[in-house]
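Commentary on secondary and tertiary structure
For reference, the chains in residue letters:
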Amino acid sequence: MSAVSVPFSFSRLALIASNTFLEAVRQRLFNFLLLLAVGLVASAQFFRDFNFGSSELKFIADFGFGALVFFGSALTITTTAQLFFSEIENRTALTLLAKPIWRAEFVFGKFVGVFAVIGVFCALTIGLMMALLWHREGQLMTIDPEAFASGRIVRYGDLFIVGVLQWLKFGVLSSIVLLIATFSNSNLYTVVTGFFALVICHLQYLARDSWSNVDNLMLRVLVQVLGLIFPNFQLFNLGDEIGQGAALDPLLAGRVAVYAVVYIAVIGGLAVYSFRNREI
Amino acid sequence: MNTPVPAISIKGLTKDFAVTLRGVKLRAVDDLSLTVEEGHVFGLLGPNGSGKSTTIKVILGLLGATAGDVRVFGVPSHEVESRRNVGYLPEAPYFYRYLSGYELVRFYARVCGVPRKQLQARVKDVVDWVGLSKAADRRVGTYSKGMLQRIGLAQALVHDPKLIVLDEPTAGVDPVGTAEMCELILKLKQQGKTVLITSHLLAQIEDVCDRVAILDHGKLIVEGSLQELVGQRDRQALIVDSLPPADIEALRGWLVSRGHALNAIEQPRARLDQLFLSKVSRGGHAGASGGVGSNVVPKSSAPNTSAPVAASPKPKA
């Protein structure tokens, strides 16, 4: 009997993604973290007197990005793990995977759904931060017109790009957590390991810098390999100077975006490979 | 002449689970061979841990076989194509609680590739068919167990599969829900569907199945048609009006004179589940669901008047 092959379907993938998105936005955790982040960003203007010497607008931008990174990372790790394991633990995966769908559709559908959730989070947080900056900059322009003789100094386009880069960084983080989830047996293990991975990805450049000049060739190669395995999240921190009017290098931003997409594709592929033989 | 492809073909299936990191394995299914022909209702029986659910999961490609060959309509079960014509209702199903019944069935219909033009009608038909039309706008999270089973059956049937796999479809469901599920299974049989069902309720299996297999500790103990397995070909039961003792003695003498024996005289009894069903309002139980399906389905079996008078062999008129 000749079987008609079931092709990989982007519409099924989108269906799983939209269902994942719907499930996520109905979770209290998402709403809680979103409210916290929005509240923190909105409160930046009340803390502007404690800006430790930097300009007020930069402080608001730093504060906003700090909230975005902190809550975004927490949201990414917990949401990815939760949405994956809710399917396994509630046994909805049994029903779904017994349908004629590819496991790759399931894994990437989960990823796209979570990525969309994080996108909404980033859009709201960055949008609020930009609105605050715009509002405060307008006030400062009235108070001190000479400082703004050549117009607004905050580059809102660049701010948006940095927001997109952060979103991509969360995408990389989400793919790492998804990879862990595909072979992990519990939500808790996945979340804890995900936070470890986050720390490693943020600090790996330190190890690479410290160990790159050691004499031991094996150690040097090992550090380089580990530096390749774990993406360097420091590359995504391009927003430091935006509040002070510095321009973002578009070429650099593009390279970072490609860096993120490559990592998402590779780690996502590994997650599919790992999940392919998982016993449900 | 082409040999018909069986709905399910299992040859030498063995499934081991690693239970420790040192490689100690638990054998859940041991060299199982089975064939389920198309159009049959096949019951897979066995105590807890006998390997029923593991076998079903291998058939559905949710688990890989350690050894052996499992095919669904001739396609190896690990291939996605094998699930194209399969509907599955898991044991104690849990669905996305935030979706309504219609949304849930529509979601699975789209996953299964039901064409958009047919989607609405197909979803409505199948929800009506399982008798949930009145509750289909409610969130699944508010459903009772029986309603969950029925919406589960709806999602299993929405793409009109040829094979339906039901894993403990009446687990935790009350007798009314169980009877309704049996009616639905019989309707599927009438439509020519193949049904593979596992259940602990042996009476239920007896009512709906053509063939059964019994597993124990992963091994196939017995397999065959119900008639072959539980029928007593050398015995018959006659049901007569209540006879006075003198007539019974006369009947016994008549049988003895012809070389037969009157082995038992019993008072026929209805089955307890049938008494329950006759006393409990099924419309009321269905509540918002509105009862089962549209087609009137003949009862699966007559009241069990188990051998009121057993004689051997058949007396002549």
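Here the structure is a predicted model, which is why all the values come from computation and not from measurement.

Cut-offs used in this document
- Residues numbered from 1 in each chain as written.
- Chains lettered and ligands numbered in written order.
- Predicted model: local features only at pLDDT ≥ 70, side-chain atom pairs only at ≥ 80, totals over all residues.
- Contact = placed C-beta atoms within 7 Å.
- Helix = DSSP H or I, 4+ residues; strand = E, 2+ residues; numbered from the N terminus.
- Nonpolar A, V, L, I, M, F, W, Y, C, P; charged D, E, K, R; others polar.
- Buried ≥ 20, exposed ≤ 12 C-beta atoms within 10 Å, placed from the backbone.
- pLDDT = per-residue confidence, 0-100.
- Expected span 1.5 Å × (residues − 1).
- Pairing = 2+ DSSP bridges.
- Axes fitted to C-alpha atoms, helices over the stretch in contact; angles between N-to-C directions.
- Core = buried A, V, L, I, M, F, W, Y, C linked by C-beta atoms within 7 Å.

Our next topic: the interface of chain A and chain B. On the chain B side, the residues contacting the 26 residues of chain A number 27 residues. Among the elements of the structure, α1 (10-25) and α4 (92-97) of chain A are those that each provide at least two residues to the side of chain A that touches chain B. Among the residues making up the side of chain A that touches chain B, the classes are represented as 14 nonpolar, six polar and six charged.

Let us now look at helix α1 (residues 52-59) of chain B. Residue and element names in this part refer to chain B. In terms of residue burial, α1 counts as a mostly covered element, since eight of its eight residues are buried. Of the positions making up α1, those classed as buried are Lys52, Ser53, Thr54, Thr55, Ile56, Lys57, Val58 and Ile59. Downstream of α1 by a residue or two, Gly61 has a phi angle that is positive, lying close to 75 degrees.

With that settled, the discussion passes to the confidence of the model for chain B. Residue and element names in this part refer to chain B. Averaged over all residues, the pLDDT of chain B equals 83, while 88% of them reach at least 70. Per-element confidence in chain B ranges from a low mean pLDDT of 38 for strand β13 (residues 309-312) to a high of 96 for strand β4 (residues 67-72). Confidence drops under a pLDDT of 50 for residues 284-317, and excluding neighbours within four residues, the segment shows 79 contacts in the predicted structure. Two summary scores accompany this predicted model of the complex, namely pTM at 0.83 and ipTM at 0.83.

Residue and element names in this part refer to chain B. Look at helix α8 (residues 245-257): 18 Å from first C-alpha to last across 13 residues, which is about the 18 Å you get at 1.5 Å a residue. Burial analysis of α8 places just zero of its 13 residues in the buried class, which makes it a mostly uncovered element. Looking one or two residues beyond α8, the residue adopting positive phi is Gly259, at roughly 85 degrees.

Let's shift gears to the sheet that holds strand β7 (residues 163-167) of chain B. Each strand in a sheet pairs with its neighbour through backbone hydrogen bonds, running either in the same direction (parallel) or in the opposite one (antiparallel). Residues and elements named next belong to chain B. The six strands lie next to each other as β6-β7-β8-β3-β9-β10, forming an open sheet whose pairing is mixed. Edge positions in the sheet fall to β6 (86-89) and β10 (219-225), since each of these pairs with one other strand and no more. For this sheet, the mean angle separating the axes of adjacent strands, direction not counted, is 15 degrees. In this sheet, strand β9 (residues 211-216) lies alongside strand β3 (residues 41-45) in parallel orientation, the contact comprising four bridges. Across the sheet, the residue bridging to Gly43 is Val212, located in β9. Running at roughly 165 degrees to β6, helix α4 (residues 145-157) makes contact with β6 and β7 of the sheet. Lying on the sheet, helix α5 (residues 175-190) is in contact with β3, β7 and β8 (194-198); it crosses β8 at an angle near 150 degrees.

If you look at the biggest cluster of nonpolar residues, it comprises 152 residues, and the most contacted ones within it are Val105, Ile151, Ala154, Val158 and Val165 of chain B. Aside from chain neighbours lying at most four places away, what touches Ile151 of chain B is Phe95, Gly101, Leu104, Val105, Leu132, Val140 and Tyr143 of chain B.

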